[in-house]
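Summary of structural features
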Amino acid sequence: MTALTGAVLAQNALSAADLPQIGAPAIEYGTLSPVLAITATALIGVLVEAGAPRRARFGLQSAVAIVGILAALAATVWVSIHDLGKVSFEGTDLLARGKTVAEGALVVDGPTVFLWGLLLVFALVSMLMFAERGLEGGLSGFTGQAAVAPGGAGEREATMAGIEHTEIFPLAMFALLGMMVFPASNDLLTMFVALEVLSLPLYLLCGLARRRRLLSQEAAVKYFLLGAFSSAFFLYGIALVYGYSGSFTLAAIDTAVSNQIAGQNLLLAGMALISVGLLFKVSAVPFQAWTPDVYQGAPTAVTAFMAAGTKVAAFGALLRVFFVGFGGAQWDWRPLMMIVAVLTMVVGAVVLIRQTDVKRMLAYSAIAHSGFILTAFAGAYEGSAGTATITSVSAVMFYLAVYGFSTIGAFAIATLVRDGGGEVGHLARWAGLGRESPVLAGVFALFMLSFAGIPLTAGFMGKWTVFSAAWSGYAWPLVVAGVLTSAVAAYFYVRVIVLMFFADPEGDGPTVAVPSVMTSAVIAVTAAVTIVLGIVPGPVLDLAQNAGTFVR
Amino acid sequence: MNGLFGTESWWVVIAKAVLIFLILVIYTLFNIWFERRVVAKMQHRIGPNVHGPFGLLQSLADGVKLALKEDIVPTAADKVVYVLAPILATIPAFMAWAVIPFGPEVRIPFTDTVTPLQLTDLPVGVLYILAVTSIGIYGIVLAGWSSGSTYALLGGMRSSAQMISYEVAMGLAFVSVFMYAGSMSTADIVAAQAEDMWFALPLLPSFVIYLIAMVGETNRAPFDLPEAEGELVGGFHTEYSSLKFALFFLAEYVNMVTVSALATTLFLGGWRAPWPISLWDGANSGYWPVLWFLGKTLIFIFVFVWLRGTLPRMRYDQFMKFGWKVLIPAALLWTMAVAVVRRIRLDGGMDQQTVLIVGGIAVTLLLVIAFIPERKQPADDEEPAETDAFAGGYPVPPMPGHQETRPDA
Amino acid sequence: MSMVELTFLMLSGVAVFSALLAVSTTQVVHAALWLVLTLGAIAGCYLLIGAEFIAWVQVLIYIGAVVVLLLFALMLTRAPTGPDSATTTSNRNVAAAVSVLVAGGLAAIMVSGFAGERLAPPRGGVGSAASIGDAIFGTWVLPFEILSLVLLAALVGAIVLTRRGPERDNGAPGDVPERAQH
C-alpha cells in the first residue's frame, strides 16, 4: 500500500547500491504443480480458518481439501504425460524416466509420480472419512475442543455448542505435502525437512479423537516422543553420511560409496542411523512399538490416513535412499534388512494372533505387511533390460497400492460398528456382525481375505509380486518366511470372519451406524479396488512396472 | 571493511577497549544527570544543580551512596544465579559497543599509528549486536527467577516475553537497511549513507519501527512493564540492593545508549556530520566526528527522557498485542515492499507510469479493505447471559454482556 | 598445534562438560543455563572455523530465543523449577549406562572417521552471509521454503491444542476462563 509507494519513491531518490549478486534459482513450476497444488490447498485452508464464519467453516474446509486434492491429481496426471521422458545412465540400460527439479532438491521420476498418485488417492479417500459427520450426531469424529480437559464440563459445553476443530483439514494437507516430498527427495536434507512436515501434523491429529480422549492424547504424546527420537537418529545418520561423502545429494553419495573414498565406519554407522529413522516410519520390528498404541488411540480417520499415507511415503523414501544413495553398498545393508524383514513378518503375524481389539489388530497387520514389503526391498532386484520380470521397486509400489486401499476400507468399517460409547473396539463385540449387517461384515471379510492374501483378492496379487521380486533378487529365505507367516496370519484373519458370521452375539450385539454418503463411498471404492486388483491387476501392475527405476 | 581491523597492535586494541568502557561509564553518569534535569524542566523544577558544575556530580554521589548500601541476598534466592544475573545483564550491554563506529581513521596523538575509531568490525556486525544484546535478557530473567520472589518472577517473565517480541520487529527493521547498504557491517553501513543519504529518510517506516522497538527492548517508559512499580513493586530487581542493583541500573542506561548509537549508525549517518556542518571540509575527519556521533546519540536519549516524562505506562496485554499484531506485521509488510521494489529496480526497473499505476492500485485496494466494516462476531453473547452475582457464595462482577441477577430474584 | 586448534579444543571441552552437567543437574533452570553454555561454546567453535554468520545466528536464535522461551515455559507452567525428586527416577542409572555406551560408540566412529584431520584455516568467503544466502536461496531454496511450512503447521497445531472457548478476539483482559463464569 503506502508502504509500497513509499518504497518506490525512496528507490527513485536513491541510486542502487551494488549488492552481491545472487542468481535466482530455477524452479520447474509445471513439474512441481502437484506439490504446489497441495501447498496452496493447505494455505487456503489456513486462510479459511482465519476468515470464514464458524458455521460454514467445516463444509468449506472439506470442500477446499477435496478440490485441492483433485486438482493435484489432475496435475499429477499431466506431469506423468509431459515430464516423464526416458533417460539413460551410463553403465546401465534399465528403464528410467523423469528428471530432477528445483535445483536438484526433488526428483520427479516414474516411481515418484506413481507414489504421488497413490498418496493423493489415499488422501482423497481419507478426507471423505475426515469429513464424515453422520456418526456423532452431526459432528465430526474429532474433538470439539482439544484444550479442555477430557470428560470435563468444557467438553460437554463444546459438544452442546457444536464447536468443531476445522483446522484438521489444513493440518492433513500439510502432512500430505510432507508425504509427497518425502519419497521424491533427491537429497537427504530435503528428505529430513519432508519427514518433519509429514510427522508434525500427524502427531497433532493423533491427539484429537472425540471419544476416549485420554487414550488419544497418550497416543499423540507417544508418537511425538518416539517420532522425535527417530527423527534425531535420522538426522545424525545424515550428518555421518555427509561426513563420509561430503554431500547430501543421493547421486553424490552413491559416487562416494562406489569409490570407497573414506573409512567405511562412518558410512556404516550413518546408514544404520538413517535406516532407523525410516524403518520407524514404516513400523518395522524392532521399531514397531508405537504402532499399536497410536493406531488404537488416534481418531480412526487419522489412523486410516496415516496407515496408508505414511507407509507409501516412508517406503518410497527407504527405497530411494538405499537403492540410489547406498546402492553401491548393497552387500552391507541387504543382510541386515533381510533380518529386519523376517523379524517384522514374524512378530507382526505372531502377535497379531493374540489381539482382541480391532484397531490394534489392524496395527499388527500393518506391521506384518511392512515385513512383506521389506522382502521385496531386501531382495533389491533392479530388473534387467529387455525382460518383464517385476522389479523390487514396482513390486513395492504395487503392494502399497493394494495394502493402502484395503486398510483404509477396514478402518472405515471400524468407524461404523458402534455402541453408546463410540466405536466398539473389542473383537468379541463384533461377534454376530454378519447377522446384523451382512453387507458390512461381508466387505470386512473381503478386506480380511485380502490381508491374508487369498487368491482373487488384491492381497494375493500384492504378495505374489513382492515374493516374486524377492525371489528374483535371490532372497529365497525371505520368500519361505513370508509364505509361512502369511499362513499364520491367515489363520487369524479367517478367525475374525468366523467370529463375525458364525459366533453368537454378546448381549445385544453391535449396532451398525448408518453413515453418510462419504463413508459409504470410501467403503465402496476401497472394496471395489480390492476386488478389481485381485482379478485384473494387469493395468496397475503395468503402470508400476513402466514407472521404471529411480532417476539419480 | 577497513583492512586495519585484526592487524592492529595489541596496545591499540586494549587502549580502545578501555576508552570505550570509560566513555560508557561516564556517559551513563551524564545520562542520569541529563534525565533528571530534563524531566525536571518538563515539570517546571530545576533538578540537581548543586554538586559540581550544573549539578553534574550529583549522579556520582548517588552512585557512591548506592554502592555503600547493605548488600542483601534473600534466603529463598538461588545464590549462584542471583549473583550471576546482574553480571549477565551488564557485560553484554558493554560488548555491543565493540562494533559501533565512533569516527573515521585517526592518528593517535604523539604516535604515528593510524587507527579507526572503532574497536573492531565484523562482516555481520549488526547481527553481532543483536546477538549479544539478546544475551542480556538472561540477566533479567534469571534475576527474576533466582530472587525467590513472585514480583521478581513476574517481572522477569514479562521482560523476557517483551524483549523477545520486540526483538523480532527490531530485526525486521534492520533488514531493509541491510538491503540498502548491501552489508551488515556497521562501518559499511555508515559509508553507504555517506554515498546516498541518511537511511532514516528513505526507510522512514523502518526507522519508526526501530524507534518503537528500541524503547520496548530497553524496558523504558512507556514500556517499562517488567518493573512496573504499581503492580510489581520493582519487578525483576525487587530483591536487589547495593552494587548488584547498581549493575542493573548501569546495564539499563548503557543499553539505552547502545540502541541510540545503533539508531544513529543505521539511520542517521553514524559519525558523519549533519548537513549544515558537513559543508565544512574538516567536519568528517580527525576527532570531530566523535562529537557529531555523541550529539546524535544524545538526541535519542532526549527522546527516551521525553517519553518517560510525558507518556503513561501501557497495559501489558495491549503492549504485547501492539507488538505482535501491529508492529511485526507492519515491519514484515514494509520489508517485503522494500525487497520487491529493490528487485524490480535491479532487474531494470519499471517506468514511472507503471510505478504509479501499481502504487495506485495498491492504495485503492487498501482503502477498500480498510472501509469494509469489521463484521461483528455472531457470538452467543448477543442475548446477554445471566450471571449469578454470588456464584459459590462470593460476589462476582458480571462479565461484559452479562446481566446480573440477584440470588433472591 | 596452532592457537586456533587449541582454542577449538578448549571450547569443545566446555561444550561437552556443560552438556554433561545439563543432563545431570537436578535443577531444571540450571540445566537450561548449562545448555546455554554448551550452545555458546559451539557458537565459538563455529567462529573458529570461519562460519561467522552461523555463529552469531546460533547465539541470537538458540541462546537469545529458544532457551529463553524454554525458561519462560518453565516459569509459566507448574513444572518443578526447584530440585525435585519426582523428576529423578530409578531409571537414571540405566539411562546413564545407555548414554555412555551410545556416546562411546559414536565417539569411536567419529575418531575412526576423522582421526588425523586438521582444522583448516577459514577459506575466504565460505561461511559469509553472502555465501549462505546464495546457498539458501539457490540450491536449497525448496527445503528452505518447506521448512517455513513446518513452522506454519506447528503454529496451527499450537492454536488447536491451546485455544479454548468460542472466538473471543476482543475479550477483555484477564478474561475469566470458561468454567469460572458458571
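Residues numbered from 1 in each chain as written. Chains lettered and ligands numbered in written order. Predicted model: local features only at pLDDT ≥ 70, side-chain atom pairs only at ≥ 80, totals over all residues.

When its secondary structure is counted, chain A shows 21 helices and 6 strands. The C-alpha atoms of chain A give 24 Å as radius of gyration, which agrees with the globular expectation for 552 residues (24 Å, within 12%). Projected onto its principal axes, the C-alpha positions of chain A cover 80 × 70 × 40 Å. Split into buried and exposed, the 552 residues of chain A put 59% on the buried side. Long-range pairs, those at least 24 residues apart, make up 79% of the contacts in chain A between residues at least 6 apart in sequence. (Helix = DSSP H or I, 4+ residues; strand = E, 2+ residues; numbered from the N terminus. Rg over C-alpha atoms; globule rule 2.2 N^0.38 Å. Buried ≥ 20, exposed ≤ 12 C-beta atoms within 10 Å, placed from the backbone. Contact = placed C-beta atoms within 7 Å.)

The next thing to look at is the overall build of chain C. Along chain C, the regular secondary structure elements total 6 helices and 0 strands. Each helix and strand of chain C, ordered N terminal to C terminal, gives the series α-α-α-α-α-α. Burial statistics for chain C: of 182 residues in total, 21% are counted as buried. Considering only contacts in chain C between residues 6 or more positions apart, those separated by 24 or more positions represent 56%.

Residues and elements named next belong to chain B. Here 4 bridges tie strand E1 (residues 103-107) to strand E2 (residues 114-117), and the two strands are oriented antiparallel to one another. When the sheet's bridge partners are listed, Gly103 is paired in E2 with Leu117. Between E1 and the antiparallel strand that follows it, E2, lie 6 residues; Phe110 among them carries a positive phi value of about 65°. (Pairing = 2+ DSSP bridges.)

Further remarks concern the confidence of the model for chain A. Residues and elements named next belong to chain A. When pLDDT is averaged along chain A, the result is 87; 95% of the residues meet or exceed 70. Between the elements of chain A, mean pLDDT differs from a low of 43, seen in helix H1 (residues 2-13), to a high of 94, seen in helix H6 (residues 168-181). Confidence drops under pLDDT 50 across residues 1-19; counting only partners more than four residues distant or on other chains, this segment forms 38 contacts. (pLDDT = per-residue confidence, 0-100.)

The omega torsion of the bond from Val285 of chain A to Pro286 of chain A falls at 5°, within 30 degrees of zero and hence cis. Within the secondary structure, Pro286 of chain A sits in the loop between helix H10 (264-281) and helix H11 (290-297). One non-glycine residue with positive phi stands out, namely His44 of chain B, at about 60°. Here His44 of chain B shows up in the loop between helix H1 (10-42) and helix H2 (58-68). His44 of chain B sits in the exposed class, given 6 other C-beta atoms within 10 Å. Its identity is not glycine, yet Phe54 of chain B carries a phi of approximately 55°, on the positive side. With respect to the helices, strands and loops of the structure, Phe54 of chain B is situated in the loop between H1 and H2.

Turning our attention to the packing of helix H17 (residues 438-452) of chain A against helix H19 (residues 476-502) of chain A. Residue and element names in this part refer to chain A. Look at H17 against H19: their axes get within 9 Å of each other, and the N-to-C directions meet at 170°. Taken together, the axes of H17 and H19 are roughly antiparallel relative to one another. Within the contact between the two elements, H17 uses Ala441, Phe444, Ala445, Met448, Leu449, Phe451 and Ala452 and H19 uses Ala489, Ala490, Tyr493, Val494, Val496, Ile497, Met500 and Phe501. Among the residues forming the contact of H17 with H19, the class breakdown is 15 nonpolar, no polar and no charged. (Axes fitted to C-alpha atoms, helices over the stretch in contact; angles between N-to-C directions. Parallel < 35°, antiparallel > 145°, perpendicular 65-115°, else oblique. Nonpolar A, V, L, I, M, F, W, Y, C, P; charged D, E, K, R; others polar.)

Looking now at the sheet that holds strand E4 (residues 417-419) of chain A. Residues and elements named next belong to chain A. Taken together, 3 strands build an open sheet; the order of strands is E5-E4-E6 and the sheet is antiparallel. One side of each edge strand has no neighbouring strand; the edge strands of this open sheet are strand E5 (422-423) and strand E6 (511-512). In this sheet, E5 lies alongside E4 in antiparallel orientation, the contact comprising 2 bridges. Within E5, the residue paired with Asp419 across the bridge is Gly422.

Let us now look at the nonpolar core. Core analysis: the largest hydrophobic core is formed by 210 residues, its most contacted members being Leu119, Ala172, Leu177, Val197 and Val396 of chain A. Residues within four places of Val197 of chain A in sequence aside, it is in contact with Phe174, Leu177, Gly178 and Val181 of chain A together with Ile146, Leu149, Val150 and Ala153 of chain C. Ala96, Phe102 and Leu327 of chain B together with Ala55 of chain C belong to the second-largest nonpolar core, a separate cluster that totals 121 residues. (Core = buried A, V, L, I, M, F, W, Y, C linked by C-beta atoms within 7 Å.)

This part covers the interface of chain A and chain C. Contact residues are listed per partner, giving 44 residues for chain A and 30 residues for chain C. Secondary-structure elements contributing two or more residues to the side of chain A that touches chain C are helix H2 (33-51), helix H5 (153-161), H6, helix H7 (188-206), helix H8 (213-245) and H10 of chain A. Sort the elements by how many residues they give to the side of chain A that touches chain C and H7 of chain A lands first, with 9 residues. Split into classes, the residues belonging to the side of chain A that touches chain C amount to 30 nonpolar, 10 polar and 4 charged.

With that settled, consider helix H9 (residues 250-259) of chain A. Residues and elements named next belong to chain A. Within H9, the full set of buried residues consists of Leu250, Ile253, Asp254 and Val257. The buried residues of H9 all sit within an arc of 105° when viewed along its axis, so they share a single face. Each element contacted by the buried residues of H9 is listed here: H8, H10 and helix H12 (300-325). (Arc of directions from axis to C-beta.)

All names here are of chain B. Positionally, Tyr151 belongs in helix H5 (residues 150-181). Spatially, the C-alpha atoms of Tyr151 and Phe34 are 30 Å apart, while their sequence positions differ by 117 residues. Filtering out sequence-adjacent residues up to four positions away, Tyr151 remains in contact with Leu232, Val233, Gly235 and Thr238.

All names here are of chain B. It is at 10 Å that the axes of helix H7 (residues 204-217) and helix H9 (residues 242-267) come closest, and there the two elements cross at 165°. Classified by the angle between their axes, H7 and H9 sit roughly antiparallel to one another. Two packed elements cross with a definite hand, and for H7 against H9 that hand is right-handed. Note on element contacts: H9 touches H7 through Val259, Ala263 and Phe267, opposite Phe207, Tyr210, Met214 and Glu217. (Left-handed = near helix turned anticlockwise from the far one by under 90°.)

On to the confidence of the model for chain C. Residue and element names in this part refer to chain C. Residue-level pLDDT values for chain C average 80, and 80% of them are 70 or greater. By mean pLDDT, helix H5 (residues 129-137) is the weakest element of chain C at 84, and helix H6 (residues 141-162) is the strongest at 91. The complex model carries a pTM of 0.87, and its ipTM stands at 0.88.

On to helix H14 (residues 358-379) of chain A, then. Residues and elements named next belong to chain A. Here H14 spans 32 Å end to end across 22 residues, near enough to the 32 Å set by a 1.5 Å rise per residue. Here H14 lies mainly inside the structure; 22 of its 22 residues are buried. In the stretch just after H14, Ala380 is the one whose phi turns positive, near 45°. (Expected span 1.5 Å × (residues − 1).)

All names here are of chain A. Within the secondary structure, Ala376 sits in helix H14. In the structure, Ala376 is positioned 97 residues away from Gly473 in sequence and 8.2 Å away in space, judged by C-alpha atoms. Residue contacts for Ala376: discarding those within four places in its chain leaves Ser392, Ala395, Val396, Val466, Ala469 and Ala470.

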